[in-house]
Amino acid sequence: DMKVTQMPRYLIKRMGENVLLECGQDMSHETMYWYRQDPGLGLQLIYISYDVDSNSEGDIPKGYRVSRKKREHFSLILDSAKTNQTSVYFCASSWDRGTEVFFGKGTRLTVV
Amino acid sequence: GQQVKQSSPSLTVQEGGISILNCDYENDMFDYFAWYKKYPDNSPTLLISVRSNVDKREDGRLTVFLNKSGKHFSLHITASQPEDTAVYLCAAGNYGNEKITFGAGTKLTIKP
């Protein structure tokens with residue numbers, strides 16, 4: 001069963017708290033992504049990972065960092081969350097760049 | 001700047017009509033073009049994709065038209081149905097080299 005799993009689905013954090021969003025995939029995909037989606041802006045790429053410990057900044061990396069220690073797991077970390085990081089975050093994977101992207105169900109993060 | 005643009009944030013079509021969704025891109029190196037469908041509170045899923053060696057691909061009620069010289073591709077949905085109501089995201093990339101870049105989305109509403 002090919003899927004991308006994100007945890008948690010919903011999260012409320014206070015400003016200044018640390019946030020950890022977890023993502024897993026069971027397709028042995030090399031490439032994984034973290035996006036955020038905001039109204040009118042579509043999907044914005046935060047980070048892309050090409051394999052274990054091979055991560056690159058996307059279009060909006062500021063305020064975020066990532067960790068990929070196993071091919072099937074890719075974490076997004078917010079150190080000291082800000083209210084403007086309230087968004088829906090999608091993890092995704094693909095077997096290579098420029099190929100079909102499979103998305104997780106998303107995490108709705110609210111920073112208050 | 002935006003490498004993939006959907007100029008229409010919304011579109012309303014009568015049930016049974018043809019829905020035409022448009023996408024423009026900037027990067028000459030893109031050779032993979034796709035349309036994703038997203039329901040509210042759900043993740044985007046791939047609808048149909050084409051490589052640059054064809055200018056048209058049909059799949060049931062869906063047809064993708066690719067105009068490489070004009071850096072434009074479109075999705076036509078014939079016999080539009082209420083269940084086609086969703087946000088449609090276009091995406092483009094370069095196989096093995098360039099990550100997939102998404103447009104901001106067009107919200108399609110099919111009126112009964």
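The notes below deal with the structure included here. Numbering of residues starts from 1 in each chain and follows the order in which that chain's sequence is written. By the order in which they are written, chains take letters starting at A while ligands take numbers starting at 1. Local features in this predicted model are restricted to residues whose pLDDT is 70 or higher, and side-chain atom pairs enter the listing and the counts only when it is 80 or higher, whereas totals over whole chains, interfaces and linings include all residues. Working from all heavy atoms in the structure, the side-chain values ignore hydrogens and water.

**What to know about the overall build of chain B**
Inference 1: Starting at the N terminus, helices and strands are each numbered in turn, a helix being any DSSP run of H or I of at least four residues and a strand any DSSP run of E of at least two. Within chain B, the secondary structure is distributed over zero helices and eleven strands.
Inference 2: Listing each helix as α and each strand as β along chain B from the N terminus yields β-β-β-β-β-β-β-β-β-β-β.
Inference 3: Dimensions along the principal axes, computed over C-alpha positions, put chain B at roughly 40 × 25 × 20 Å.
Inference 4: The rule is simple: take the accessible area with a 1.4 Å probe, protein chains only, and divide by the maximum for that residue type; under 20% is buried, over 50% is exposed, in between is partly exposed. Taken over 112 residues, chain B has a buried fraction of 44%.
Inference 5: Between two residues, a contact is recorded if the distance between any of their heavy atoms is within 4.5 Å. Across chain B, every contact between residues at least 6 apart in sequence was considered, and the portion connecting residues at least 24 apart equals 56%.
Inference 6: Surface accessibility in these figures is a Shrake-Rupley result with a 1.4 Å probe; residues are shielded only by whichever protein chains are displayed. Carbon and sulfur atoms make up 48% of the accessible area of chain B, which amounts to about 5,300 Å² in all.

**Structural notes on the pattern of salt bridges**
All names here are of chain B.
Inference 1: Only one rule defines a salt bridge in this text: a Lys or Arg side-chain nitrogen within 4 Å of an Asp or Glu carboxyl oxygen. All told, the structure shown has ten salt bridges over all chains when counted by the stated rule.
Inference 2: Among the salt bridges present, the one from Glu-26 reaches Lys-5, with a minimum N-O distance of 3.6 Å. Remark: Lys-5 occurs in strand S1 (residues 4-5) and Glu-26 occurs in the loop between strand S3 (19-25) and strand S4 (32-38); sequence separation between them is 21 residues.
Inference 3: In this structure, Lys-56 and Glu-58 form a salt bridge, with 3.6 Å as the shortest nitrogen-oxygen distance.

**So, the interface of chain A and chain B**
Inference 1: Taken together, the contact between chain A and chain B spans 23 residues of the former and 20 residues of the latter.
Inference 2: Summed over both sides, the interface of chain A with chain B buries roughly 1,700 Å², with 57% coming from carbon and sulfur.
Inference 3: For the interface between chain A and chain B, the tally reads one salt bridge.
Inference 4: Pairs of N or O atoms within 3.5 Å make up the polar contacts considered here, provided that, within protein, one atom can donate a hydrogen while the other can accept it, and that residues adjacent in sequence are counted only when both atoms are side-chain atoms. Where chain A touches chain B, the interface holds four residue pairs in polar contact (both at pLDDT 80 or more).
Inference 5: Elements represented by at least two residues in the side of chain A that touches chain B include exactly strand S4 (31-38) and strand S5 (42-51) of chain A.
Inference 6: In terms of residues, the side of chain A that touches chain B owes the most to one element, S5(A), which gives four residues.
Inference 7: Three classes are used: nonpolar for Ala, Val, Leu, Ile, Met, Phe, Trp, Tyr, Cys and Pro, charged for Asp, Glu, Lys and Arg, and polar for all others, with Gly counted as polar. Looking at side-chain class alone, the side of chain A that touches chain B contains ten nonpolar, six polar and seven charged residues. A simple way to read buried area is as the amount of 1.4 Å-probe accessible surface that goes missing from two parts once joined, with both sides added.

**Some details on the sheet that holds strand S3 (residues 19-25) of chain A**
Residue and element names in this part refer to chain A.
Inference 1: Each pair of strands is called paired provided DSSP finds at least two bridges between the two strands. Taking strand neighbours across the sheet as the criterion, the four strands line up as S1-S3-S8-S7 in an open arrangement whose pairing is antiparallel. Looking at which strands have only one partner, the edges of the open sheet turn out to be strand S1 (4-7) and strand S7 (65-70). Ignoring which end each strand starts from, the neighbouring axes of this sheet average 20° apart.
Inference 2: Taken together, the four bridges between S3 and strand S8 (residues 73-78) define a ladder with antiparallel strand orientation. Paired with Val-19 across the two strands is Leu-78, which belongs to S8. Axis angles are defined between N-to-C directions and span 0 to 180 degrees, where every axis is a line fitted to C-alpha atoms and, for a helix, only to the segment in contact.

**Description of the state of the cysteines**
Any covalent bond linking the sulfur atoms of two cysteines counts as a disulfide.
Residues and elements named next belong to chain A.
Inference 1: Here, two cysteine sulfur atoms that lie within 2.5 Å of each other are counted as a disulfide. Within this structure, the stated rule accounts for two disulfides over all chains.
Inference 2: Bridging Cys-23 to Cys-91, the disulfide has an S-S length of 1.8 Å. On the sign convention where negative is left-handed, the bridge of Cys-23 and Cys-91, at about -75° about the S-S bond, is left-handed. Highlighted residues: Cys-23 in strand S3 and Cys-91 in strand S9 (residues 87-94), separated in sequence by 68 residues.

**A look at the sheet that holds strand S6 (residues 56-59) of chain B**
Residue and element names in this part refer to chain B.
Inference 1: Ordered by their spatial adjacency, five strands build an open sheet running S1-S3-S8-S7-S6, and the pairing between neighbours is antiparallel. Two strands bound the open sheet, and with one partner strand each, they are S1 and S6.
Inference 2: Pairing analysis gives six bridges linking S3 to strand S8 (residues 72-77), with the strands arranged antiparallel. Within S8, the position partnered with Leu-21 by the bridge is Leu-75.

**Notes on unusual backbone geometry**
With glycine set apart, most residues show a phi of negative sign, and most peptide bonds adopt trans.
Residue and element names in this part refer to chain A.
Inference 1: Cis geometry is found at the peptide bond from Met-7 to Pro-8, where omega equals -10°.
Inference 2: A positive phi is found at Ser-28, a non-glycine position, where the angle reads about 55°.
Inference 3: Along the polypeptide, Ser-28 turns up in the loop between S3 and S4.
Inference 4: Of note in this structure, Asp-53 is not a glycine but carries a positive phi near 55°.
Inference 5: One can find Asp-53 in the loop between S5 and strand S6 (54-57).

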